[in-house]
Amino acid sequence: MVLSHRVLFRWIVPVFAAGWSGALILAGMWVILEAATRWPILYVPLVAGGTSLLSAGNVVFLAGVADRLFPNARLAIVEWLEIISCLMFLLSFLVCLVMLAFA
């Protein structure tokens, strides 16, 4: 049985996106829970950086996995979830950069 390019691409992207988002989420949880307690002087930048990793993992999962596995989901709900996740990523990333600049 030969897999066509479309069928193969339909399954490879969600598998890699799920792994990528999982790695981002695990890294974000480690930064928030472990690294922030190891280096208390950098607590706020590390929590902001961990939050940006968590929200980046959420964006990758929504765009790479959920959109492909559930293409008929209500667009209004999906758009709002992606917008909120992107805004949370940008805000926490900017907080992390500003706090590191002044640390």
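Up top you'll find the structure we're talking about.
Structure report, in brief. These figures come from a predicted structure and were not determined experimentally.

Counting its regular elements, the protein chain contains 3 helices and 0 strands. What you see in the protein chain, going N to C, is helices and strands ordered as α-α-α. Compactness check: the protein chain gives a C-alpha radius of gyration of 17 Å against a globular reference of 13 Å for 103 residues, more than 25% above the reference. The burial tally for the protein chain puts 24% of its 103 residues in the buried class. Of all intrachain contacts in the protein chain linking residues separated by at least 6 positions in sequence, the fraction that spans at least 24 positions is 72%. Only carbon and sulfur atoms are counted for the fraction: they give 77% of the accessible area of the protein chain, which is about 7500 Å². For the protein chain, the distance from the average position of its 5 positive side-chain charges to the average position of its 4 negative side-chain charges is 10 Å.

Glancing now at the pattern of salt bridges. Once their charged atoms are close, side chains differing in charge can pair, the charge on each being opposite to the other. Evaluation of the coordinates by the stated rule reveals 1 salt bridge. Glu34 is paired through a salt bridge with Arg38; the nearest N and O atoms lie 3.1 Å apart. Of the two residues, Glu34 and Arg38 both sit in helix H1 (residues 5-38), 4 residues apart, roughly one turn of that helix. On the basis of relative accessible area, Glu34 is assigned to the partly exposed category, the value being 31%.

In this section: helix H3 (residues 75-101). Between its first and last C-alpha atoms H3 spans 39 Å; for 27 residues at 1.5 Å apiece the expected length is 39 Å, and the two agree. Of all the residues in H3, the buried ones are Ser85, Ser92 and Cys96. Against helix H2 (43-69) lie the buried residues of H3.

It is worth spelling out the packing of aromatic side chains at this point. Summed over all chains, the structure comprises 1 aromatic pair. Relative to Phe93, the ring of Phe89 lies with its centre 5.9 Å away and its plane at 20°, an arrangement referred to as stacked. Of this pair, Phe89 and Phe93 both sit in helix H3, 4 residues apart, which is roughly one turn of that helix. The exposure class of Phe89 is partly exposed, given its relative accessible area of 28%.

A cluster of nonpolar side chains, namely Tyr43, Val44, Leu91, Val95, Val98, Met99 and Phe102, defines an oily patch on the protein surface of about 690 Å² accessible area. At the level of elements, H2 and H3 are the ones that each hand at least two residues to the nonpolar patch. Take the nonpolar patch: its biggest share by element is 4 residues, from H3. Along the chain, Met99 turns up in helix H3. A relative accessible area of 32% places Met99 in the partly exposed class.

How each quantity is defined
- Each chain has its residues counted from 1, running along the sequence as written.
- Where totals are concerned, whole chains, interfaces and linings use all residues; where local detail is concerned, this predicted model gives features only for residues with pLDDT of at least 70, and gives and counts side-chain atom pairs only at 80 or more.
- The basis for every side-chain value is the complete set of heavy atoms in the structure, and neither hydrogens nor water enter the calculation.
- Put simply, DSSP marks the helices as runs of H or I at least four residues long and the strands as runs of E at least two long, and each gets a number from the N terminus on.
- For the radius of gyration, the atom set is restricted to C-alpha positions; the globular benchmark scales as 2.2 Å times the number of residues to the power 0.38.
- For every residue, the accessible area obtained with a 1.4 Å probe (protein chains only) is divided by the maximum for its type, and the residue is called buried under 20%, exposed over 50%, and partly exposed between those limits.
- In what follows, residue pairs with any heavy atoms lying within 4.5 Å of each other are defined as contacts.
- Residue burial considers only the protein chains on display, and all accessible areas are found by Shrake-Rupley using a 1.4 Å probe.
- The charge count treats Lys and Arg as positive and Asp and Glu as negative. His and the chain ends do not count.
- To locate a charge, take atom NZ for lysine, CZ for arginine, CG for aspartate or CD for glutamate.
- Any Lys or Arg side-chain nitrogen found within 4 Å of a carboxyl oxygen on Asp or Glu counts as a salt bridge.
- Given the number of residues in a helix, its expected span is that number minus one, multiplied by 1.5 Å.
- Each aromatic pair joins two rings of Phe, Tyr and Trp (for Trp, the six-membered one) with centres within 6.5 Å, and gets the label stacked for planes under 30 degrees apart, edge-to-face for over 60, and tilted for any other angle.
- Like charges are joined within 9 Å and nonpolar side chains (Val, Leu, Ile, Met, Phe, Trp, Tyr) within 5 Å, but only among residues with over 30% relative accessible area and no salt bridge; these make up the patches.

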